[in-house]
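Next come the chains, spelled out residue by residue.
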Amino acid sequence: MFIDFYYRLKQEGVPVSLTEWMTLMDALARGFAFSSLSAFYFLARAILVKSETNFDRYDLVFSRYFKGIETPEDILAAALAWLKSEKPLPAAPPTPAALLAQYNVEELRKLLAERIEEQKKEAVKEKRGGPFWIGTGGTSPFGESGSGGGVRLGGESNSMSAVKVAAERRYLDLRDDSITGVRQFEMALRALRQLSTKNEAPMDELDLDGTIDATSRKAGMLNIVWKRPRRNRMKVILLMDTSGSMLKFAQISRRLFTAVNRTTHFKDLRFYYFYNCVYDRVYANANHTQPVNTEHLFKTLNPEYRLIITGDATMNEHELLRPGGTISWNENNELSGLDWLKRLAKMYPHAAWLNPVPAANWTHYETIPPIREVFPMFELTPAGLEKAIQKLKTR
Amino acid sequence: MTTKPGEYKGTGDYIASADLQNIVNVAVALGRPLLIKGEPGTGKTLLAKSIADSLGLQLIIWNIKSTTKAQEGLYVYDTVQRLYDSQFGGCDVADIKQYIKLGKLGEAFAADKPVVLLIDEIDKADLEFPNDLLWELDIMNFYIPETKETIAAQNRPIVIITSNAEKELPDAFLRRCIFHYIEFPDKAMMRQIIAVHHPDLDQILLGQALEMFYTLRALNDLQKRPSTSELLDWVQALALGGVKPDKIATAIPLLGVLIKKDQDFATVLDQLHQKGSGDKAPTPYGVHNR
Ligand SMILES: Nc1ncnc2c1ncn2[C@@H]1O[C@H](COP(=O)(O)OP(=O)(O)OP(=O)(O)O)[C@@H](O)[C@H]1O
Ligand SMILES: [Mg+2]
């Protein structure tokens, strides 16, 4: 069954909807896809998959599902068969009834049948045997030619190449598996920009409510009131632990903040890394080859910066409490880790520590309670993040 | 009656891959907005211009900022002007029509020929912004209560929407769109793109520059990988500066044109150094050595 393609996509985790599936049927019925199977590959992907992070899943399903299907008319036939079958629309929200009303299935059937007829005629006319496709020019937008770039698909012998290309899994790197609930995190982080109206921005935006208010108080004498626009003044330092399992969270945090920064535009956003605890130096990169003196941060980044630390705050007690406690072989701290943390907290009064260790377990580790006395600590969950943001907004 | 736009085939100043051309045509034919994603500098914004040029249509650009509201796209009611006029006279303030200014979406609907409407960087706006636009984009008209007028599109505009972020857009919105992800160009395509902008470049120089450019892009840990725009600037600067091709592999002249962030600058020098690509590589700059 053709509809299995849809279900397999869903199973693989592509959030495809029936609306989109019907749009694809619509496109097929209008004859948009059939210069080759590879044209179908792109058409279906553009309609069904709305994020490059799901391209790999699509490829997986495509390469498995279309393995046996070699010619595009097989797809048309399959689509028609599905539309003709007893229950073309599976019961799933949004309700089939609503969808049926939206798409004229009868019309789709008719059009698909016409397409198939057209293909046959075309093949006879061109005396082509074997697989044939319409629209190597003409009305189909999927021509065979075209220049440059991307995967080159299409062309006579390429009925299999779409499957092959899909099987290559070129989009593996774009997958987003490691991050869950990104949108939730974003919603929470977005709150950071509300800080923007506070102080420095010039008052150059009309305050309509204020104007009406002031004007009516002056008995109708126009009195225009200006306010500060919503400009983001937020400056953020993200300081990330990269020890052991924390590296994963560092990467997630960094990605999240980068993503949020694209939309909220912090005035400045800095990333630094540490291993277990902060001492004389932090690092500009995650593999710790570029040290930056912590003092240098103090000198160059003023207390207006919001400091967000991600880390599990778990380490050997010595590492936290003793001078010289760092486990990095090439360092030797004169101040203890805890003292460095205190200096950081003093320098950046707007600060929060995000900890992926569940809050219920915090008391099980010796080093978490002392650190919690220095920094307000929150779980690294969407809810915890939300609380942390609240905290960062107030001193 | 509606006029059907022709077929998009790319333009001389814009290199569009075959699949991109096809998807554009599908989106136009299905009357759906085309959502374009891709790394910075992959030609997302320029695509809309190329489509407009190729089809001979007017291009209307709506640049989205973090404060943009969906309503502004429809129309703005200039209450301030009206207030002024009511105070100081001059115009007939009862005629509200003169204080209604169509937004970009409104302009696109009101046009008497089909237009290309670019909604650039939609992800900059509030998370709900795309959803707020859905209805009008779907039914292609809106009502202005102030003047009791309905602005209805005579021709469905070709709507191109670009997004930069990894940030997710709302599902309801995505379901309505056709989606295309512009992949970062491979070397062959990049040569074509460069040829569009700098047709007379020395090919040996270009080859060396491309080699280095893709090496740099492959480095781990860059905050911002150099993009097409930076490469275009760089090759031009190299040519203007009369840099010898063989210099590129060893010294990376004018690296500052490609790499903008201090931290990245350090990363580049550091990692290339480690790879042993040059004992001649200058000492890392911007690193606070112990
Ligand atoms: N396919 C292409 N053909 C010709 N020039 C291109 C192409 N892609 C990119 N360029 C060049 O790169 C520059 C950047 O393109 P453009 O501004 O459209 O990218 P963008 O994807 O919108 O980037 P951003 O995400 O930064 O907005 C263009 O000015 C153009 O010079
Ligand atoms: Mg752009």
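All of these numbers come straight from a predicted model, not from anything done at the bench.

Scoring rules and cut-offs
- Residues numbered from 1 in each chain as written.
- Chains lettered and ligands numbered in written order.
- Predicted model: local features only at pLDDT ≥ 70, side-chain atom pairs only at ≥ 80, totals over all residues.
- Heavy atoms only, no water.
- Helix = DSSP H or I, 4+ residues; strand = E, 2+ residues; numbered from the N terminus.
- Contact = heavy atoms within 4.5 Å.
- Areas by Shrake-Rupley, 256 points an atom, 1.4 Å probe, with all protein chains shown as cover.
- Axes fitted to C-alpha atoms, helices over the stretch in contact; angles between N-to-C directions.
- Parallel < 35°, antiparallel > 145°, perpendicular 65-115°, else oblique.
- Left-handed = near helix turned anticlockwise from the far one by under 90°.
- Buried < 20%, exposed > 50% of the residue type's maximum accessible area, 1.4 Å probe, protein only.
- Arc of directions from axis to C-beta.
- Phe/Tyr/Trp six-rings, centres within 6.5 Å; stacked < 30°, edge-to-face > 60°.
- Patch = residues over 30% accessible without salt bridge, like charges linked within 9 Å, V, L, I, M, F, W, Y side chains within 5 Å.
- Salt bridge = Lys/Arg side-chain N within 4 Å of Asp/Glu carboxyl O.
- Pairing = 2+ DSSP bridges.
- pLDDT = per-residue confidence, 0-100.

Caption draft 1: Quick look at the overall build of chain B. What chain B contains, in helices and strands, is 13 helices and nine strands. Considering only intrachain contacts with a sequence separation of at least 6, the fraction spanning at least 24 residues in chain B is 72%. Counting every atom, chain B has about 13,200 Å² of accessible surface; 51% of that belongs to carbon and sulfur.

Caption draft 2: Here's a closer look at the packing of helix α8 (residues 187-197) of chain B against helix α10 (residues 228-240) of chain B. Residue and element names in this part refer to chain B. At a minimum axis separation of 11 Å, α8 and α10 run at an interaxial angle of 55°. In terms of orientation, α8 and α10 fall into the oblique class. Two packed elements cross with a definite hand, and for α8 against α10 that hand is right-handed. When α8 is examined against α10, the residues Met190, Ile193, Ile194 and His197 are found in contact with a partner set consisting of Thr228, Leu231, Leu232 and Val235.

Caption draft 3: Layout of helix α6 (residues 129-139) of chain B. Regarding α6 of chain B, the residues found buried are Phe129, Pro130, Leu133, Leu134, Glu136 and Leu137 of chain B. Positive backbone phi, approximately 60°, marks methionine 140 of chain B, located one or two places after α6 of chain B.

Caption draft 4: Geometry of α8 of chain B. Turning to α8 of chain B, its buried residues are Met189, Met190, Ile193 and Ile194 of chain B. The buried side chains of α8 of chain B occupy one side of the element, clustering within an arc of 140° when seen end-on.

Caption draft 5: Inspection of the packing of aromatic side chains at higher detail. Residue and element names in this part refer to chain A. Evaluated as defined, the whole model comprises 27 aromatic pairs over all chains. Where phenylalanine 5 meets phenylalanine 40, the ring centres are 6.5 Å apart and the plane angle is 45°; that geometry is what we call tilted. Of this pair, phenylalanine 5 sits in helix α1 (residues 3-12) while phenylalanine 40 sits in helix α3 (residues 37-48), and the two are 35 residues apart along the sequence. Side by side, phenylalanine 5 and phenylalanine 40 carry an identical accessibility label, which is buried. Residues phenylalanine 62 and phenylalanine 66 carry aromatic rings whose centres are separated by 4.6 Å and whose planes lie at 40° to one another, so their mutual orientation is tilted. Judged by relative accessible area, which is 0%, phenylalanine 62 ranks as buried.

Caption draft 6: A look at a nonpolar patch on the surface. Judged by side-chain polarity, Met221 of chain A together with Tyr84 and Phe88 of chain B come together as a nonpolar surface patch covering roughly 330 Å² of accessible area. Within the secondary structure, phenylalanine 88 of chain B is located in helix α4 (residues 79-88).

Caption draft 7: Representation of unusual backbone geometry within the structure. Here the phi dihedral of alanine 313 of chain A falls at roughly 55°; this positive angle occurs in a residue that is not glycine. Counting through the fold element by element, alanine 313 of chain A comes out in the loop between β7 (306-310) and α13 (317-321). Within the chain, leucine 254 of chain B stands out as a residue other than glycine whose phi angle is a positive 55°. Here leucine 254 of chain B lies in the loop between α11 (245-251) and α12 (255-258). A relative accessible area of 39% places leucine 254 of chain B in the partly exposed class.

Caption draft 8: Just the sheet that holds strand β1 (residues 34-38) of chain B, in detail. Residues and elements named next belong to chain B. In space, the five strands of this open sheet follow the order β2-β5-β8-β1-β9, with parallel pairing throughout. If you trace the sheet from one side to the other, it starts and ends with β2 (58-63) and β9 (178-182), each paired once. Neighbouring strand axes in the sheet, compared pairwise and without regard to direction, differ in orientation by 20° on average. Across four bridges, strand β5 (residues 115-120) lies against strand β8 (residues 158-163) in parallel orientation. Across the sheet, residue leucine 117 finds its bridge partner in β8, namely valine 159. Relative to the sheet, helix α1 (residues 18-30) contacts β1, β8 and β9, its axis offset from that of β9 by approximately 160°.

Caption draft 9: Seen up close, the pairing of β8 of chain B. Residues and elements named next belong to chain B. Within β8, six of the six residues are buried, leaving the element largely enclosed by the surrounding structure. The pairing of β1 with β8 spans four bridges and is parallel. Within β8, the position partnered with isoleucine 36 by the bridge is threonine 162.

Caption draft 10: Focus on the confidence of the model for chain B. On average, residues of chain B carry a pLDDT of 85, and 90% of them reach 70 or more. Segment residues 277-290 of chain B: pLDDT under 50, and 24 contacts once partners within four positions in sequence are set aside and those in other chains are kept.

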